[in-house]
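# Survey of secondary and tertiary structure
One-letter residues, chain by chain:
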Amino acid sequence: SDMFNTEVILVPSRDGKKIPVSLVYKQGLDLQKNNAVIIDAYGNSGACSDLFCNPTLWPWLVRDGIYAYAHVRGGGELGEDWINDGQFPNKMNSINDVVDVAAYFVENGYTSAEKQLVMGGSAGSFLVGMSINQRPDLFAGGLFLSGLPDIVTYRDAAFARESKSVGPIDTKDGFLSSYSISSYYQIPESKKMPAMLIVHGGTDYILNIHPAARYTAKLQHMQKGNRPILFLVDWQSGHHGSEEEMLYIYKFAFWQTGHPDFQLKN
């Protein structure tokens, strides 16, 4: 499209690996002008996430938002070693990669902590909750979609597959790995936390709704700042969400990144 630019940049991680990040943004946008950014990521089970013409990004892009897809370790984009470096016993690398991409964007003027969000769905929600737990100072908010906040007590349809990616729960190392990336158990004490929109489909056949509800309540209880922690349930949608959910997600994103058309009115 003549309206948008796409490019891939390589972002250095803390251990020296170069993380590919696909950027989509409006033609003519100054990338060093403190823009609103959504970092999206999945990084699980060797899934490859190629960019495609996604019309749901339109509201974000035309209002000068940058969409950044971080191809973190655990995904299959760079082969088997890239997969293994982001799966048990190395799952924390996937989370660290997202944090390092977010830090790079702030340090290089793409955005600021007040205008940056992290988004992930299903197993990608590990990256949302744990990136925010690790560095709440880097984000305005998180978009936690159809997620798994507690992989320790979780026993739903995807449990067997996630045991391979996060660790077998019946071994010491597997339990500790699962616990270490379960956002529910790792919320930092006495911190001003970023905003969070936790979205779940009422008919999700893969993940039950109650862990997301518990996670929302715990975040609300532990929040020492003034950013909202909200729980959105679409009773008609399942694991892959709905168009109506996307509208709420973008409204929340614009609100929390300071877009003047989406602020609360007295």
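Residues numbered from 1 in each chain as written. Predicted model: local features only at pLDDT ≥ 70, side-chain atom pairs only at ≥ 80, totals over all residues. Heavy atoms only, no water.

With that settled, consider the pattern of salt bridges. Per the stated rule, a full pass over the model turns up 8 salt bridges. Note that K26 and D64 form a salt bridge whose closest N and O atoms lie 2.8 Å from each other. Pair noted here: K26 is in strand 2 (residues 18-26) and D64 is in the loop between helix 1 (58-62) and strand 4 (65-70), with a separation of 38 residues, a long-range link. With a relative accessible area of 25%, K26 lands in the partly exposed category. The partly exposed category is assigned to D64, whose relative accessible area is 33%. For D85, the salt bridge is made with R73, and the minimal N-O distance between the two is 2.9 Å. Of this pair, D85 sits in the loop between helix 2 (80-84) and helix 3 (92-107) while R73 sits in the loop between strand 4 and helix 2, placing them 12 residues apart in sequence. Assigned by exposure class, D85 and R73 land together as buried. Here the residues in one salt-bridge network are D15, K17, R73, D85 and D97, joined through shared partners. (Salt bridge = Lys/Arg side-chain N within 4 Å of Asp/Glu carboxyl O. Helix = DSSP H or I, 4+ residues; strand = E, 2+ residues; numbered from the N terminus. Buried < 20%, exposed > 50% of the residue type's maximum accessible area, 1.4 Å probe, protein only.)

Here we take up the layout of surface pockets. What the largest pocket holds in volume is close to 770 Å³. For the largest pocket, the lining is made up of 27 residues, of which D40, N54, M119, G121 and L145 are closest to its centre. Of all the secondary-structure elements, those providing two or more residues to the lining of the largest pocket are strand 4, strand 5 (116-121) and helix 8 (243-256). Of the residues forming the lining of the largest pocket, the biggest block, 4 residues, is contributed by helix 8. Volume-wise, the second largest pocket comes out at about 280 Å³. F4, V24, F52, C53 and N54 are the residues nearest the centre of the second largest pocket, which is lined by 12 residues in total. Among the elements of the structure, strand 1 (4-12) and helix 1 are those that each provide at least two residues to the lining of the second largest pocket. (1 Å grid on protein atoms, 1.4 Å probe; cavity = no way out; pocket = protein on both sides within 12 Å on 5 of 7 lines; lining within 4 Å. Points joined across faces, edges and corners; volume = space filled by probe spheres on them.)

Below, the discussion takes up the nonpolar core. Ranked by internal contacts, the top residues of the largest apolar core, which has 74 residues, are V21, L23, W60, F105 and M196. The contact partners of W60, leaving out residues within four places of it in the chain, are A36, V37, I38, G65, I66, Y67, L117, Y250, A253, F254 and T257. (Core = buried A, V, L, I, M, F, W, Y, C linked by side-chain atoms within 4.5 Å. Contact = heavy atoms within 4.5 Å.)

Here we come to the pairing of strand 4. Buried residues dominate strand 4, accounting for 6 of its 6 residues. Bridge count for strand 2 against strand 4 is 4 bridges, and the pairing is antiparallel. Looking across to strand 4, one finds that V24 is bridged to Y67. Across 5 bridges, the pairing between strand 3 (residues 36-40) and strand 4 is parallel. Across the sheet, residue I39 finds its bridge partner in strand 4, namely A68. (Pairing = 2+ DSSP bridges.)

So, on to the environment of H210. On the secondary structure map, H210 appears in helix 7 (residues 210-222). Here the alpha-carbon distance between H210 and H200, two residues 10 residues apart in the chain, equals 9.7 Å.

With that out of the way, let us pick up unusual backbone geometry. Residue P89 is reached from F88 by a cis peptide bond, and omega for that bond is 5 degrees. Along the chain, P89 turns up in the loop between helix 2 and helix 3. At D64, a position not held by glycine, the phi torsion is positive, near 70 degrees. The phi dihedral of S190 is positive, around 55 degrees, even though this residue is not glycine. With respect to the helices and strands, the residue S190 is situated in the loop between helix 6 (172-180) and strand 7 (195-201).

Here we come to the packing of helix 3 against helix 4 (residues 125-134). Two numbers describe how helix 3 lies on helix 4: the axes approach to 9 Å, and their chain directions differ by 65 degrees. The two elements helix 3 and helix 4 meet at a crossing, and its hand is right-handed. Residues S94, I95, N96, V98 and V99 of helix 3 lie in contact with helix 4, whose contacting residues are F126, L127, M130, S131 and Q134. Across the contact of helix 3 with helix 4, the residue classes tally to 6 nonpolar, 4 polar and no charged. (Axes fitted to C-alpha atoms, helices over the stretch in contact; angles between N-to-C directions. Left-handed = near helix turned anticlockwise from the far one by under 90°. Nonpolar A, V, L, I, M, F, W, Y, C, P; charged D, E, K, R; others polar.)

Here we take up helix 4. The element helix 4 is extensively covered by neighbouring structure, given that 9 of its 10 residues are classed as buried. Within helix 4, the full set of buried residues consists of S125, F126, L127, V128, G129, M130, S131, I132 and N133.

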